[in-house]
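Analysis of the macromolecular model
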Amino acid sequence: MKPPPATSPAPPAPLSQESILKELTTGRFGRTLFFFPVVDSTNETLRGLAGRGAEEGTVVVADTQLQGRGRRGRQWFSPAGEGIFLSLLLRPRHAPAKCSGIALLAAAAVSRAIEDQTGLRTEVKWPNDILLGGRKVGGILAETGGDETGERYLVLGIGINVGGGEFPPELEDRAVSLRMAGAKNPDRPGLIAAILGRLEKLYRVFQGSGDLSPALDFCRDRSATLGRRVRAVGPGGEISGLALDLTEEGGLRLRRDTGEELVVMSGEVTLSPAG
Amino acid sequence: MNKDELYRLLEWFENSGLSELRVEDSGGKTVMKKAPAGREPAAEPIPPPSPLPPPGTPLPAPPATGAPGEEIVASPMVGVFYRSPAADAPPFVEAGSRVKPGDPLCILEAMKVMNTLEAEFGGEVLEVMAENGSLVEYGTPLFKVRRDDQVPADR
């Protein structure tokens, strides 16, 4: 990956409630939208709203997060003005086991929206990391909860590295931004609106019939995982094998060297070097 | 597993057109089969019968009931069982904890979706039955809880 050019291009377009609403094409997603210059975490903020009865499609966007989180409390790098930090409230009507597929639905929507907006073809690493040139450009963290009436909700957190060219040393080899990858003047309001538009379409199908197949087809097409040898590290230990396909529920089907096939539903997946 | 969750899962199975759900990991295999009600089998070729699980493989526990007033909270899904919200955070509950309806008990993770499992009823946690960080199946017992109110809270 080349270093960022010495003369910095213009910073990404300013982000505000107004600039996002102007770009929205959705029916419900993002029509109730809260914008904050700074929050601890957009997921945390939205969970607070969800617990008080906020409706499906409510969105929280922040310019920066003080305690942006990834999986199991890991930090998500959230510099001001250079990223998208967005959380969307869903109230899926399907059983919890089914709702895990929303992880892949979100990955498909984000990957597709990035391509629509910037022309950059991203890859999806199972289940839901968004990669450019093998480095992570976007991540998704979904959390469920119940509000005071016992109604279930799901908060979908999306983080995307948009501008910027400098990551902390520990992320340098693993992270990339849209601008570093060649997007000229990536437009955050437009990208947020595109993500919400794609998400709404895929989610409507899922909510109606439980069908994930449009999202799965896209994830298969852009998969960084399928056809590769992978290592999945889970609680049962480590499993290596060839990634064959995604299951209907979004699980990863592997074939071990012994010929045995199995389906991985959780755990950290590492891609082995090609060849 | 409470009735609502069981019914929801049954409903989903019936509507999904799936005839079989196989979950396998290095710790063992679990095969769940259910003939889709009121539906012809899918037009695709029927897959060959799956191998039997090796001896000693735990099958998903049925919705279990404990001693009178005691209930087993079972996992509604396949996932990784976490007792705390983050790696360095204290557990949601311990044996002896009092819970009220809606209190978080644990997180079940599948495909990076962190599912918070909340108490359906108030009571005292008697036992944490699964190990933090372990892979649990549909129906795996997670907690034994003595409920305060023995009248089923069906709504």
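Residues numbered from 1 in each chain as written. Chains lettered and ligands numbered in written order. Predicted model: local features only at pLDDT ≥ 70, side-chain atom pairs only at ≥ 80, totals over all residues. Heavy atoms only, no water.

A separate point is the overall build of chain B. Check the secondary structure of chain B and you find one helix and ten strands. Evaluated residue by residue, chain B yields a buried proportion of 43% over its 155 residues. Contacts spanning at least 24 positions in sequence make up 59% of the contacts within chain B whose residues lie at least 6 apart. Per element, the accessible surface of chain B, about 8,200 Å² overall, is 56% carbon and sulfur. (Helix = DSSP H or I, 4+ residues; strand = E, 2+ residues; numbered from the N terminus. Buried < 20%, exposed > 50% of the residue type's maximum accessible area, 1.4 Å probe, protein only. Contact = heavy atoms within 4.5 Å. Areas by Shrake-Rupley, 256 points an atom, 1.4 Å probe, with all protein chains shown as cover.)

All names here are of chain B. In space, the four strands of this open sheet follow the order E3-E10-E8-E5, with antiparallel pairing throughout. Each edge of the sheet is formed by a strand with only one pairing partner; in this case those strands are strand E3 (70-74) and strand E5 (98-99). Both strand E8 (residues 123-128) and strand E10 (residues 141-147) contribute to a ladder of five bridges, which runs antiparallel. Bridged to Gly123 within E10 is Arg147. (Pairing = 2+ DSSP bridges.)

Residues and elements named next belong to chain A. Structurally, Gly157 is set in strand E7 (residues 152-161). Here Gly157 falls in the buried class, since its relative accessible area comes to 8%. Separated by 107 residues in the primary sequence, Gly157 and Ala50 have C-alpha atoms spaced 13 Å apart. Leave out the neighbours within four places in its chain, and Gly157 touches Asn43, Leu86, Ser87, Gly139, Ile140 and Leu141.

Residue and element names in this part refer to chain A. Where helix H4 (residues 102-118) contacts helix H6 (residues 213-221), the axes come no closer than 8 Å and their chain directions differ by 60 degrees. Here H4 is positioned oblique relative to H6, judged by the angle of their axes. Regarding H4 and H6, the two cross each other, and that crossing is left-handed. In contact with Leu104, Leu105, Ala107, Ala108, Ser111 and Arg112 of H4, H6 contributes Ala215, Leu216, Phe218 and Cys219. A breakdown of the residues in the contact of H4 with H6 according to their chemical character gives eight nonpolar, one polar and one charged. (Axes fitted to C-alpha atoms, helices over the stretch in contact; angles between N-to-C directions. Parallel < 35°, antiparallel > 145°, perpendicular 65-115°, else oblique. Left-handed = near helix turned anticlockwise from the far one by under 90°. Nonpolar A, V, L, I, M, F, W, Y, C, P; charged D, E, K, R; others polar.)

All names here are of chain A. Taken domain by domain, chain A holds domain 1 (17-221) and domain 2 (229-271). Between the C-alpha centres of domain 1 and domain 2 there is a distance of 25 Å. Both sides together, the interface formed by domain 1 and domain 2 hides about 1,000 Å², and carbon and sulfur atoms give 61% of it. Area buried by domain 1 at its contact with domain 2 is led by Lys125, Trp126 and Arg220, which between them contribute 58% of it. Taken together, the connections running from domain 1 to domain 2 amount to one salt bridge. Taking the shortest distance from any N to any O, the salt bridge between Asp245 and Arg220 comes out at 2.8 Å. At the boundary of domain 1 with domain 2, the tally comes to four residue pairs in polar contact (both at pLDDT 80 or more). (Domains from an automatic or database assignment. Buried area = accessible area lost by both parts, 1.4 Å probe. Salt bridge = Lys/Arg side-chain N within 4 Å of Asp/Glu carboxyl O. Polar contact = N/O pair within 3.5 Å; in protein donor to acceptor, adjacent residues only side chain to side chain.)

All names here are of chain B. Taken over all residues, the pLDDT of chain B has a mean of 71, while the share at 70 or more is 53%. Every residue in residues 35-62 is under pLDDT 50, and counting partners more than four places away or in other chains gives 26 contacts. Predicted complex, confidence summary: ipTM 0.81, pTM 0.77. (pLDDT = per-residue confidence, 0-100.)

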